[in-house]
Amino acid sequence: ASREYAARCLSALDAARDSLHAAETKLGDMDAIAGDGDHGRGMVRGIDAATAAAAAAARQGAGAGSVLIAAGDAWADKAGGTSGVLWGAGLRAFGEALGDQVSPDVSQLAAGVAAFTDRITGLGKAAPGDKTMVDALVPFTETLTRLAADGTEPHQAWAAAAVEATVAAQATASLRPLKGRARPLAEKSVGTPDPGATSLAMIFTVMAPSLAG
Ligand code: ADP
Ligand code: MG
Ligand code: MG
């Protein structure tokens, strides 16, 4: 069962890679408004390294948790930038929480996502409203956790959480960044959504069918 879920994690990472490649220019342009313009490039470098490392781990027979840990470590190593450190550490925490023994149910998935979120907020110290990826991540996690507790079927719960994340990412347009490289030019950023929140909502959306299918 764990091998089967490892294959699903690989599919989820492949889906993220396709969407990040497609959005690379858009994410870079968003980051250029008040930041340094490298968010698209950094995310592509991170996901390319993550998918390669995850596939190599799976070929050696790694279970889902180990596949996600390999992906996270490669992402942190190769992406560069704030988002790379946070995505890498978050994926590692997700993998540690899921472990290799399980074929996760919706509550275990929600616990994995909560571990991802806790690692990112623990390292980055951003709170909702600071105009970072955390603005999309917190509503995602809260919705998934609540629906998991209600016994909602995994795909439906994950998809509903992804909608909340997408709405929250778009709503960051009205905010001023209080963390990260966009802070010195905060006023310029008003009117544009946060790039890291946008990419996070996109990734969680496209991962739904494989991670929570
Ligand atoms: P860098 O800012 O180092 O160039 P990126 O451009 O790849 O890295 O990522 C920028 C994104 O990182 C921002 O849009 C924001 O979502 C996220 N970010 C920045 N600082 C933090 C933080 N302290 N906590 C969480 N996310 C952050
Ligand atoms: Mg940047
Ligand atoms: Mg940078």
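You'll find the structure just up there.
Here the structure is a predicted model, which is why all the values come from computation and not from measurement.

Thoughts on the overall build of the chain
If you tally the helices and strands in the chain, you get nine helices and zero strands. Beginning at the N terminus, the succession of helices and strands in the chain can be written as α-α-α-α-α-α-α-α-α. Relative to the 2.2 N^0.38 estimate, which gives 17 Å for 213 residues, the radius of gyration of the chain is 16 Å and therefore close to what a compact globule would have. Viewed in the frame of its principal axes, the chain has a C-alpha envelope of about 50 × 35 × 30 Å. Relative to its full complement of 213 residues, the chain shows a buried share of 57%. Taking all contacts inside the chain whose residues are at least 6 apart in sequence as the whole, residues at least 24 apart take part in 66%.

Comments concerning helix H3 (residues 64–78)
The first and last C-alpha atoms of H3 sit 21 Å apart over 15 residues, in line with the 21 Å expected at 1.5 Å per residue. Across the 15 residues of H3, twelve count as buried, placing the element largely inside the fold. Among all positions in H3, only Ala64, Gly65, Ser66, Val67, Leu68, Ile69, Ala70, Ala71, Gly72, Ala74, Trp75 and Ala76 are buried. Looking one or two places after H3, you find glycine 80, whose phi comes out positive at around 75°.

Looking at the site of ligand 1
The local shell around ligand 1 holds 23 residues, among which Gly81, Ser83, Gly124, Gly180 and Gly196 are the closest. Broken down by element, the residue count for the shell around ligand 1 peaks at four residues, all from helix H4 (residues 81–98). Of the residues contributing to the shell around ligand 1, the split by class is six nonpolar, ten polar and seven charged.

With respect to the packing of helix H7 (residues 154–171) against helix H9 (residues 195–211)
Where H7 meets H9, the closest approach of the two axes is 9 Å, and the angle between their N-to-C directions is 165°. With respect to H9, the axis of H7 lies roughly antiparallel. In this structure, the crossing between H7 and H9 has a hand that is left-handed. Contact residues: H7 offers His155, Trp158, Ala159, Ala162, Ala165, Thr166 and Ala169, while H9 offers Ala197, Thr198, Leu200, Ala201, Phe204, Thr205, Ala208 and Leu211. Of the residues that constitute the contact of H7 with H9, the class distribution is eleven nonpolar, four polar and no charged.

Digging into H4
Over its 18 residues, H4 extends 26 Å from the first C-alpha to the last, a length consistent with the 26 Å expected when each residue adds 1.5 Å. Buried residues dominate H4, accounting for 16 of its 18 residues. Looking one or two residues beyond H4, the residue adopting positive phi is glycine 99, at roughly 70°.

Considering the environment of tryptophan 75
Relative to the elements of secondary structure, tryptophan 75 occurs in helix H3. Sequence-wise, tryptophan 75 and alanine 89 are 14 residues apart; in three dimensions their C-alpha atoms are separated by 8.6 Å. With residues up to four places along the chain from it excluded, the contact list for tryptophan 75 reads Gly46, Ala49, Ala50, Gly84, Trp87, Gly88 and Leu91.

Considerations on the packing of H3 against H4
For any two helices packed against each other, one specifies the inter-axial angle together with the distance between the axes. H4 packs onto H3 with a crossing angle of 165° between their chain directions and a minimal axis gap of 7 Å. With respect to their mutual orientation, H3 and H4 come out roughly antiparallel. In this structure, the crossing between H3 and H4 has a hand that is left-handed. Here H3 contributes Ala64, Gly65, Ser66, Leu68, Ile69, Ala71, Gly72, Asp73, Trp75 and Ala76 to the contact with H4, which in turn contributes Gly84, Val85, Trp87, Gly88, Ala89, Gly90, Leu91, Arg92, Phe94, Gly95, Glu96 and Leu98. Tallied by class, residues from the contact of H3 with H4 come to twelve nonpolar, seven polar and three charged.

Here we look at the nonpolar core
Taken as a class, soluble globular proteins show a tendency for nonpolar side chains to be buried jointly. With 72 residues, the main nonpolar core has Cys9, Ala54, Val67, Ala71, Ala136 and Ala165 as its most contacted residues. Going through the elements one at a time, helix H1 (2–34), helix H2 (39–59), H3, H4, helix H5 (106–124), helix H6 (134–149), H7 and H9 are the ones with two or more residues in this core. No other element matches the eleven residues that H1 contributes to this core. For alanine 136, the contacting residues outside a window of four places in its chain are Ala165, Ala168, Ala169, Ala197, Leu200 and Ala201.

About the criteria used
Residues numbered from 1 in each chain as written. Chains lettered and ligands numbered in written order. Predicted model: local features only at pLDDT ≥ 70, side-chain atom pairs only at ≥ 80, totals over all residues. Helix = DSSP H or I, 4+ residues; strand = E, 2+ residues; numbered from the N terminus. Rg over C-alpha atoms; globule rule 2.2 N^0.38 Å. Buried ≥ 20, exposed ≤ 12 C-beta atoms within 10 Å, placed from the backbone. Contact = placed C-beta atoms within 7 Å. Expected span 1.5 Å × (residues − 1). Near = placed C-beta within 6 Å. Nonpolar A, V, L, I, M, F, W, Y, C, P; charged D, E, K, R; others polar. Axes fitted to C-alpha atoms, helices over the stretch in contact; angles between N-to-C directions. Parallel < 35°, antiparallel > 145°, perpendicular 65-115°, else oblique. Left-handed = near helix turned anticlockwise from the far one by under 90°. Core = buried A, V, L, I, M, F, W, Y, C linked by C-beta atoms within 7 Å.

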